[in-house]
Amino acid sequence: MIITMSEVSALAVGAGRRVTLHFALKLDDGQVVDSNFDGQPVTFVVGDGNLPEGFEQVLSGMSAGDEGVFRIPPSRAFGMPNPTNHQTFPRSRFASDIELQNGLVMSFKDAANSELAGVVTDFDDERVNVDFNHPLAGKELLFQVRVIQVENS
C-alpha cells in the first residue's frame, strides 16, 4: 500500500499508530515532573503499554501539529497508592555502607527477578520501610502535549 504525504499528515492518533510528540507532566501547582519540550521528542505505538490508558485516551483523534493540556485523574494515570505496596525490611538486609535517607530511591528485585524501584520512607537501626507505589500514584496530573507526527506502524 502506498500512502501519500497528504494522507500521512492527516492521520489521527489511534490504536496501533506510531506517535511522535513532545510532552510535559505537571502537578496541580504547576511543578514540572517530567518534560521533553527542550529535548528530543518521544515515539511510541498507541496501545503498546508505554503510556497509561488515560494519556492515550486524550491523544485519540489528535493529528500532527495539534497541541493541548489535559487534566488526568489518578485513576486514569498512575492509580491510587496501594497500602500493600509498603513493605518493611530488616536493616540487616541492606549493606552497612548504604547511607539511608528518607526519599532515597533504590532498586530491588521482585519475585520474577525483575527490577523494581522502591522509595525509603522511614528507617531506624532495626528496620527500613519502603514504598513500592509509583511516585505519581494518587496525583492528578496536567499532561501538556504537542503532536509532531502520526504514522501507521
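Below is a summary of the structure that appears in this document. Fair warning: this is a prediction, and the values are worked out from it, not measured in the lab.

Sheet topology places strand S1 (residues 17–27) next to strand S9 (residues 141–152); 11 bridges connect them, and they run antiparallel. Its bridge partner being in S9, His-22 is matched across the sheet by Arg-146. Where strand S4 (residues 67–72) meets S9, six bridges bridge the pair, whose relative direction is antiparallel. Within S9, the residue paired with Ile-72 across the bridge is Leu-141.

On the secondary structure map, Asn-36 appears in the loop between strand S2 (32–35) and strand S3 (42–45). Residue Asn-36 is classed as buried on the basis of its relative accessible area, which comes to 10%. Within the structure, Asn-36 has its side chain in polar contact with the backbone oxygen of Leu-21 (distance 3.5 Å). Contacts of Asn-36, omitting those with residues within four sequence positions, involve Leu-21, His-22, Phe-23, Pro-41 and Val-42.

Turning to its location among the elements, Asn-133 is positioned in the loop between strand S8 (127–131) and S9. Residue class for Asn-133 comes out buried when judged on its relative accessible area of 9%. At 3.0 Å, the side chain of Asn-133 and the side chain of Asn-85 are in polar contact.

Glancing now at the layout of surface pockets. Where empty space is left in the structure can be found by rolling a water-sized probe over the atoms. Taken as a whole, the largest pocket spans an internal volume of roughly 190 Å³. Considering the residues around the largest pocket, the lining is formed by 13 residues, among which Phe-23, Val-42, Asn-50, Leu-51 and Phe-143 are closest to the centre. For the lining of the largest pocket, the secondary structure elements donating two or more residues are S1 and S3. Its residues assigned to classes, the lining of the largest pocket shows 10 nonpolar, two polar and one charged.

One non-glycine residue, Asn-113, lies in the positive phi region at around 65°. On the secondary structure map, Asn-113 appears in the loop between strand S6 (105–109) and strand S7 (115–123). Given the relative accessible area of 54%, Asn-113 is considered exposed.

Attention now goes to the sheet that holds S8. One open sheet accounts for four strands, arranged S5-S8-S7-S6; its pairing is antiparallel. If you trace the sheet from one side to the other, it starts and ends with strand S5 (86–90) and S6, each paired once. For this sheet, the mean inter-axis angle between neighbouring strands, taken without regard to orientation, is 45°.

Ranked by size, the top nonpolar core spans 20 residues in total, and within it Leu-59 and Phe-143 carry the most contacts. For this core, the secondary structure elements donating two or more residues are S1, helix H2 (53–59) and S9. Beyond its immediate sequence surroundings of up to four residues, Phe-143 is in contact with Phe-23, Ala-24, Leu-25, Phe-55, Val-58, Leu-59, Gly-68, Val-69, Phe-70 and Ile-72. Within the second largest apolar cluster, nine residues are counted, among which are Phe-89, Leu-100, Met-106 and Val-120.

What counts, and where the lines are drawn
Residues numbered from 1 in each chain as written. Predicted model: local features only at pLDDT ≥ 70, side-chain atom pairs only at ≥ 80, totals over all residues. Heavy atoms only, no water. Pairing = 2+ DSSP bridges. Helix = DSSP H or I, 4+ residues; strand = E, 2+ residues; numbered from the N terminus. Buried < 20%, exposed > 50% of the residue type's maximum accessible area, 1.4 Å probe, protein only. Polar contact = N/O pair within 3.5 Å; in protein donor to acceptor, adjacent residues only side chain to side chain. Contact = heavy atoms within 4.5 Å. 1 Å grid on protein atoms, 1.4 Å probe; cavity = no way out; pocket = protein on both sides within 12 Å on 5 of 7 lines; lining within 4 Å. Points joined across faces, edges and corners; volume = space filled by probe spheres on them. Nonpolar A, V, L, I, M, F, W, Y, C, P; charged D, E, K, R; others polar. Axes fitted to C-alpha atoms, helices over the stretch in contact; angles between N-to-C directions. Core = buried A, V, L, I, M, F, W, Y, C linked by side-chain atoms within 4.5 Å.

None of this, on its own, says anything about what the molecule does.
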